[in-house]
Each structure stands twice: as structure tokens, then as C-alpha cells.
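Residues per chain, in single letters:
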Amino acid sequence: MKFLSQLISGISLGSIYSLIALGYTMVYGIAKMLNFAHGDVIMIGAFVIYTMCVTAGVPTIISVLIAIVFCTILGVTIERFAYKPLRQATSLAVLITAIGVSYLLQNIALLIFGSDTKSFTSVVNIEPISFAGGELVISGETIVTIVVSVIIMIALVIFVNKTKPGKAMLAVSEDKGAAQLMGINVNGTIALTFAIGSALAAIAGALLCSTYPALSPYTGAMPGIKAFVAAVLGGIGSIPGAMIGGIVLGVIENLSKGYISSQLSDAIVFAVLVIVLLVRPTGIMGKKINEKV
Amino acid sequence: MKLKKILAVVLSLLMVLSFAACTKAPVDEGNSEVDESNVNSENALTFEKEGVIKIGGIGPLTGDAALYGNAVKYGAELAVKEINAKGGINGYEVEYKMEDDMHDAEKSVNAYGALKDWGMQMLMGTVTSVPCTAVSNEAANDNMFLLTPSGSAVECLQAGDTLFRVCFSDPNQGIASADYIANNNVAKKIGIIFNSSDVYSTGIKDKFVEQAAAKNLEIVATEAFTNDSATDFTAQLTNIKSKGAELVFLPIYTAPASLILQQANTMGFAPIFFGCDGLDGILSVENFDAKLAEGVMLLTPFVANATDAATVNFVKGFKEISDEKYLNQFAADAYDAIYAIKAAAEKANVTPEMDVEATGDAMKAAMVEISIDGVTGAGITWTADGEPSKEPKAVKIVNGEYVAP
């Protein structure tokens, strides 16, 4: 019973990682850049919901929608001003810029909201389900997170493979130059990718802070990094890979906390990552792509 | 190009504004209060002997930690007022002057210099740990007697032997917690969740485990987390729950604690949660559901609604001279600190003519011999290394308020 309950809390944590990892992998898959500011867009999204819900008293659903719109605009703005001018620069320059944007967002949040932790009101209104006389409890947030992650994953796969803008994304990810020659608006497509990635960040922010209701300007940073690890573990660029990587990461983390050592859990998680990457350098679901010379 | 220019203008404006916001606010806030630091404005008092015993104070009267500094200031002023009304120390008038350090080590050392120029004979400060550590080095060099009301870091007292404190040191809160739990039969089987990446938390945990063994408390599970993994505690809670702990000891700060309380509630796990001063303020976490903290106990030297005569008298006097928002453990620590200085100075027969060095020698010998009944505990005594020994007190959260259990 203890094992099942540890497993379930691992899946709960993992589903959050999955949801964040979807945003990472989406942007990486198309724009081939690591958007380290993703975790902080999540934090901003959560703050928007917090401000709407708690301070202004707006109904939950509407404040989540406002956060999605806000983050989408924020993501596109960041892309326009911070990343687009660097389109021709080295990937290292873009990476450093992304880290800079991450600090910028954190410090703006510090300036506006202060460093005190705020307690987030859950946006999920589902009673926890308990089994075996309260021995095993699955919270409403966990159920919603898993369902939402699966829906988003399926929707993204369909969007990318079946729709015109989605196919444009695939084309841009394979060869920017050729895509442009074929009449695809490369800048527009990348902006769209950021818009979708940031909208996902808002949803992830809502569910992250509902499951773990402590909100501060640093809330997004660590889950962001863990989710990045999850995306790499699952095979970065692969949408189902992000989902699987997140769940695997969460389960390993919680089982090692529960059965090996709560002090060593992070070390174990990263050791597993190293081993997986040694055996399968492209991650669990990653495809091997032959570079054409 | 145009966009870039606009952006540059907006950004520079923002910068200017933020600088203005940073520098202006604390100064304005402080001035009015710093000026009135000299307490002895009531001239009607007469003293047996000529001369004034000058006690200096340093603490954050402005800035982020101003709540603590002002609490100490008013607590000390109340004690000085009471002592002067009863004829002072050894027949001499007592004067207390507090300088602002804005919780900054460098400013604190400057304030120490300013107070020495004023003629400070001993120091009741500083209020916060990091400045206190810096000032304690200076005080040790001068053989200045230093009694900090609330500097709880171990380092505050390491520079010399004229350094003392009123509060428990950080790790000693672990000892005090184990003592309290054992002496009051709060629980027998204990689980611990601590932050292994934080020296405060680890220090308390280590001492707690030692003392718990001495007191026959059974520690069934010791679980850790780090700053980087401070979101999900269900694994730790599940382990502690399955080992049958009746009490979970949380030597941590409020942010992770609020998550632990929430997750334990979701799991349907309801032990007694017991914390140290890091947990103080859990009720003021913004938007926190106070119901989750119902029944949480925490170690604190001072409960404002306690009914013993010393506390009632202190609370009444304090409300007359100050705002209720400063009525906290810092004020109580400062109040006791001044009375401890009085007791030691009377034992050592300190006079205003004695220089700083001689006062320091006399006071450090007297401190280990005195015992005072204060608002932070009865029968407080000190050891030669400056640590207080007193009965720990705890509060319990009932209906969203701190009450004595």
C-alpha cells in the first residue's frame, strides 16, 4: 500500500513535469533553442492567476483564460525582442539570452510582488478520491493534471502532423532556409510556436501552483529545470517523449525519496538521466536523425 | 530602430524609478523614530548619585527588518523607563540610545563607532544575526560587554568572552524543543522533516536528535529535502505516516512548511506539527488557509496573551509606549536583556566612572552568577560562553491565533 501511494505521488509530480516539458520540447523541436525562460513564464502565469483570483476576485476559469492570453502575449514579445534579433547568431548566444530573460522575469516579479511566498488557491475543485479506507489518496489536482497533459499531448501531435501551420512548423524545424524558399513564413511560424509554448506555460503554472500552492518569484525555476531534464530523458523534440520523460522522472524521484534516501533523491534522478543518455543518446522516444552533409 | 529607442527610454525610466523606490522609502520612514531614541525625557526623576550609565543599542529601525529593530527599541525603552522610575542601577540614571543599522553589517559597525563616541559603556544589541557577528568582533577587541536580545546564530558569540545573548541559539532550539516535547509529554514517536541544504535547519535537527535520545523520545523517521526539491513532500510524509509518528518536527521556514501542512492534509495525515522560530509567521503567509495550521505548535519565548504577572505587566506597559504590532518576541527579549544588565551591573557594582574594559570584565563575571525572572522565561541563567539557560515555552495555533497550550 505504501508502495502504491509513493507511486501515485510520483505520478502526480511527474505529470506536472510532463506538462512543463511539453512546452520546452515544443519550442526546442521547432526553433531548436532551449528556452530557459519557460519556467519563469510559468511563474508569471501563476502570478497573473493569483492576482486575478485572490486580489481582484475574478472567477477561476476566467482568470486562467486571462493568464493564458497574458502569457501568450508575453511569450511572443520575448521572442520578438530577445530571440528574433539573434536568429543568425550562434546557439550559445541565444542560450545566454534565454538565461538573461529568465533572470529579468524573476526580478520583475520580485519588484512587483516581493519575495514573500504566497499561498495559491487551487483552481481545481475536485474532491480527492480515497481508496482502502484513506490509505491511498489521489488528489483532484493529480487527476486533472494527468488528463490535461494527455489532452495537450494528443492535441499537439494532431496539430503538428495534420494542420497547415503545424506542417509549416515541421518544415521549419527540418530546414529553415528550404522552408522559406517553399513560401513558408519562418518568423511567423516561430512566433506561433512561442505563442503555443507560452500558453502551455500558463496552464502549467495554474496546475503547478494548485498542486504545490506556494508561489514566489522563484517558483518556476527549479520545476523548469527538472522539466527540461524530463524533456531530455524522453527525447527532446518528441511530444510523447516529454510526457513519458516527465512521468518517469517524477516516479524515480519519489521512489528514491521513499525507499533509498530523501537526501540523495536528486542525485539518483540525475544518475538515471546520465545512464539513459549513455545507452540511448537521443532519449527514450527520441528519433535518430542523420545529418545530411 | 524606433522600437528599440522607445524600449531604451522605458527601461531607463523604470531603472530610475526603481532606484528612487529603493533609496527613498526607508530613510523617510526612519527619521521620525530615530530622533526620539533618548528616553529620559521625563525630568522629574531624581537619582541618589551623579552620573549616567550609558547603554548603547544597535538594530534595524528602517528597512526590511525594521519590525524587529523597533520591537527591540521599544522593549528596551520600557525596561529603562521602569528601572529609572525605581531609582536606576546602583543609584545611577540609565540612558539607552539606539542607532539604526538597516540590517547591514557595515552600517552596524559604523553605528558601534558612533555609540562609542557617545560614551556607551555596554551594548544591548545588535538585533539581527549577521550584523551582530560583525559587531561582536569589534566588541571583543574592546572588551565591550555585549548582550544581544535576538542574535541567534552561533557565530554571534564566538569572538570573545564578553558576549552574551537572551534568545536561544539556533541549534539550541533543537535541545529546547526536545526538552519541551519530553517534559510536557506532547508525543513519544517523532518524525522529522528538515532542509539538508540549510545550516539553520540542519543545526537544529542535529541537536534535536541528540537531546531526543537523552530524553527517551523515539525518532521513527528522519526525512530531508533541499532548496531544490522543496515542492513535493508526499514521499517523506508517506514514510513518516507509515512509521506511525505522532508528532512531526519541522525545523524549517514557513514556505516549505505551508506546503507540508497542505500535503499532509490532502493525505489525511494529522499528527502534531512542531516547529521553531522559523515557523513563526506561518499565519501571515499571504492567502494561507489558517485552518491547515490548526494545532501546529511552535517554540517561542513569548506569548502576548499569557496570564502570568510578568507578561501581563509587560504587555500593559508596552501598549502605553508603542504600537501593538511591535509586541513580539524581540520586544520581550530586549526587555529581559535590560533587566539582565541591571541584575549583573548591580552584582558587579558597575559605576559610570568605570571604563569600557573594566565594565566588560566585571559584567562577564557577574552574568554567570545572576538569575532573573523575565517575560521570556523564569529563572534565566547564563553560562560563561554566553548562552542562556531557561525553560522553553511553546505556543499552539488555535482558531487562527497563537495561544499558550
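By convention here, each chain's residues receive numbers from 1 onward along its written sequence. Whichever chain is written first is A, and whichever ligand is written first is 1; the rest continue in order. It should be noted that, the model being predicted, local features are given only for residues of pLDDT at least 70 and side-chain atom pairs only at 80 or more, the latter also being counted only at that level, while totals for whole chains, interfaces and linings use all residues.

**Q** Hey, could you run me through the overall build of chain B in this one?
**A** Within chain B one finds eleven helices and 15 strands. Taken across its 405 residues, chain B has 51% of its residues classed as buried. Two residues qualify as being in contact provided that their C-beta atoms, derived from the backbone, are within 7 Å of each other. Here the analysis covers contacts within chain B between residues at least 6 apart in sequence; of these, 70% occur between residues at least 24 apart. Under the DSSP-based scheme used, a helix requires at least four consecutive residues in state H or I and a strand at least two consecutive residues in state E, with every element numbered from the N terminus. Three exposure classes are used. Buried residues have 20 or more other C-beta atoms within 10 Å of their own C-beta, exposed residues have 12 or fewer, and partly exposed residues fall in between, all C-beta atoms being placed from the backbone.

**Q** Explain the overall build of chain A here, please?
**A** Scanning chain A from N- to C-terminus turns up eleven helices and four strands. Between the two quantities, the radius of gyration covers C-alpha atoms and the globule rule is 2.2 Å times the number of residues to the power 0.38. Compactness check: chain A gives a C-alpha radius of gyration of 19 Å against a globular reference of 19 Å for 293 residues, within 12% of the reference. Split into buried and exposed, the 293 residues of chain A put 49% on the buried side.

**Q** Teacher, can you tell me more about the domain arrangement of chain B here?
**A** Bring the parts together and some accessible area is lost; that lost area is often taken as the interface size. Per the domain assignment, the segments making up chain B are domain 1 (35-167 + 308-391) and domain 2 (171-300). The split into domains, and so the bounds of each, comes from an automatic or database assignment of domains. Just the C-alpha atoms count here: the centres of domain 1 of chain B and domain 2 of chain B sit 32 Å apart.

**Q** How should I be thinking about the sheet that holds strand E11 (residues 372-374) of chain B in this particular structure?
**A** In sheet architecture, strand pairing relies on hydrogen bonds along the backbone and comes in two forms, parallel and antiparallel. Residues and elements named next belong to chain B. Pairing is antiparallel in the open sheet, where three strands are placed in the order E11-E12-E13. The open sheet is flanked by E11 and strand E13 (388-389), the only strands paired with a single partner. Here the rule is simple: two strands pair whenever DSSP picks up at least two bridges between them. As judged from the two bridges shared by strand E12 (residues 377-382) and E13, these two strands associate in the antiparallel manner. By the bridge assignment, Trp382 is partnered in E13 with Pro388. An axis is simply a line fitted to the C-alpha atoms; with a helix, the fit covers only the stretch in contact. Between two such axes, the angle follows the N-to-C directions and lies from 0 to 180 degrees. Against the sheet, helix H10 (residues 329-348) contacts E11 and E12, and its axis sits at roughly 160° relative to E11.

**Q** When you look at the sheet that holds strand E7 (residues 218-225) of chain B in this model, what are you seeing that I'm missing?
**A** All names here are of chain B. Ordered by their spatial adjacency, seven strands build an open sheet running E7-E6-E8-E9-E10-E14-E15, and the pairing between neighbours is mixed. In the strand order of this sheet, the two ends are held by E7 and strand E15 (401-403), each with one partner. Shown here is a sheet whose adjacent strand axes are inclined to one another by a mean of 25°, direction ignored. Of the strand pairs in this sheet, strand E9 (residues 272-275) and strand E10 (residues 297-299) are connected by two bridges, and their pairing is parallel. Looking at E10, one finds that Phe274 is bridged to Met297. Against the sheet, helix H6 (residues 199-214) engages strand E6 (189-195), E7 and strand E8 (247-250), with an angle of about 160° to E6.

**Q** Whenever I open this one, the pairing of strand E14 (residues 394-398) of chain B confuses me. Can you help?
**A** Side chains on a regular strand alternate between the two faces of the sheet. All names here are of chain B. Sheet topology places E10 next to E14; three bridges connect them, and they run antiparallel. From the neighbouring strand, Leu299 faces E14, where its bridge partner is Ala394. Bridging between E14 and E15 involves three bridges; their strand directions are antiparallel. Across the sheet, the residue bridging to Val398 is Glu401, located in E15. From the end of E14 to the start of E15, which pair antiparallel, there are two residues, and Asn399 there has a positive phi angle of about 50°.

**Q** Help me understand unusual backbone geometry in this model?
**A** Working note: non-glycine residues mostly have negative phi, and peptide bonds are mostly trans. B:Gly125 connects to B:Thr126 through a cis peptide bond whose omega is -5°. Position of B:Thr126 among the secondary structure elements: in the loop between strand E3 (122-123) and helix H4 (129-142). Phi is positive for A:Lys32, close to 55°, though the residue is something other than glycine. By the secondary structure assignment, A:Lys32 is in the loop between helix H1 (2-31) and helix H2 (38-55). On the neighbour-count criterion, A:Lys32 (14 C-beta atoms within 10 Å) is partly exposed. Located in the positive-phi region is B:Asn90, a residue other than glycine, with phi close to 55°. Tracing the backbone shows B:Asn90 in the loop between helix H2 (66-85) and strand E2 (93-100).

**Q** Whenever I open this one, the interface of chain A and chain B confuses me. Can you help?
**A** The interface of chain A with chain B comprises 30 residues on the first partner and 29 residues on the second. Listed by contribution, the elements that provide at least two residues to the side of chain A that touches chain B are H1, strand E1 (118-119), helix H9 (221-234), helix H10 (239-259) and helix H11 (265-279) of chain A. Here the side of chain A that touches chain B takes five residues from H1(A), the largest share from any one element. We call Asp, Glu, Lys and Arg charged. Ala, Val, Leu, Ile, Met, Phe, Trp, Tyr, Cys and Pro are nonpolar, and the rest, Gly among them, are polar. Among the residues forming the side of chain A that touches chain B, the class breakdown is ten nonpolar, 15 polar and five charged.

**Q** Mind showing me how you'd approach the pairing of E2(B) here?
**A** Residue and element names in this part refer to chain B. Counting buried positions along E2 yields seven of eight residues, so the element is predominantly enclosed. In terms of strand pairing, strand E1 (residues 52-59) meets E2 through eight bridges, oriented parallel. What sits directly across from Gly56, in E2, is Lys97.

**Q** Can you help me understand the nonpolar core in this one?
**A** Generally speaking, a soluble globular protein has its nonpolar side chains buried in company with each other. A set of buried residues drawn from Ala, Val, Leu, Ile, Met, Phe, Trp, Tyr and Cys, joined through C-beta atoms within 7 Å, is what defines a nonpolar core. With 197 residues, the main nonpolar core has A:Ala46 and B:Tyr335 as its most contacted residues. Counting contributing residues per domain, this core is built from domain 1 (35-167 + 308-391) and domain 2 (171-300) of chain B, each supplying no fewer than three. For B:Tyr335, the contacting residues outside a window of four places in its chain are B:Gly75, B:Ala76, B:Leu78, B:Ala79, B:Phe314 and B:Val375.

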